Amino acid sequence: MLNELPVQVDGEPWLQPPGQVVVLRSALKVIITVTVAAAVLAVIVVVVIVVVVVVVVVVVVVVVLVIVLVVAAAGYNGGLRAKVNIVPWCHG
């Protein structure tokens, strides 16, 4: 640094006189490690959310299919008073 610089680290600010600034590689390594850990955690959270959403969708589809099958087996005709029989067209 060529001029005084206002600095504050965990307390009262002060004017740092001109001098050298030394950046230690070990300090940077800690920051990078935390960043990688945060990224891994974010990926895990996203995967868990996707799995939960897929499970919920599958459960809903299965419940709807069961309801459709139960209603079809009970002979529900959509509220019509007369039952409608559908006869397939026969080629003869």
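This one's a predicted model, so the numbers in the text were calculated from it and none came from an experiment. (Residues numbered from 1 in each chain as written. Predicted model: local features only at pLDDT ≥ 70, side-chain atom pairs only at ≥ 80, totals over all residues. Heavy atoms only, no water.)

**Q** Would you mind going over the overall build of the chain with me for this structure?
**A** Helix and strand content of the chain: 1 helix and 2 strands. Listed by position from the N terminus, the elements making up the chain come as β-β-α. When the 92 residues of the chain are sorted by exposure, 0% land in the buried category. Element-wise, carbon and sulfur atoms account for 75% of the exposed surface of the chain, whose accessible area totals about 8,700 Å². (Helix = DSSP H or I, 4+ residues; strand = E, 2+ residues; numbered from the N terminus. Buried < 20%, exposed > 50% of the residue type's maximum accessible area, 1.4 Å probe, protein only. Areas by Shrake-Rupley, 256 points an atom, 1.4 Å probe, with all protein chains shown as cover.)

**Q** Teacher, can you tell me more about the environment of glutamine 20 here?
**A** Examined against the element boundaries, glutamine 20 turns out to sit in the loop between strand E2 (14-16) and helix H1 (25-74). Along the primary structure glutamine 20 and leucine 2 are separated by 18 residues, whereas in three dimensions their C-alpha atoms are 8.7 Å apart.

**Q** Looking at this model, I keep getting lost on a nonpolar patch on the surface. Mind explaining?
**A** Together, Val36, Val40, Ile44, Val48, Val52, Val56, Val60, Val64 and Val68 make up an exposed nonpolar region whose accessible area comes to about 750 Å². Note that valine 36 resides in helix H1. Residue valine 36 is classed as partly exposed on the basis of its relative accessible area, which comes to 48%. (Patch = residues over 30% accessible without salt bridge, like charges linked within 9 Å, V, L, I, M, F, W, Y side chains within 5 Å. Salt bridge = Lys/Arg side-chain N within 4 Å of Asp/Glu carboxyl O.)

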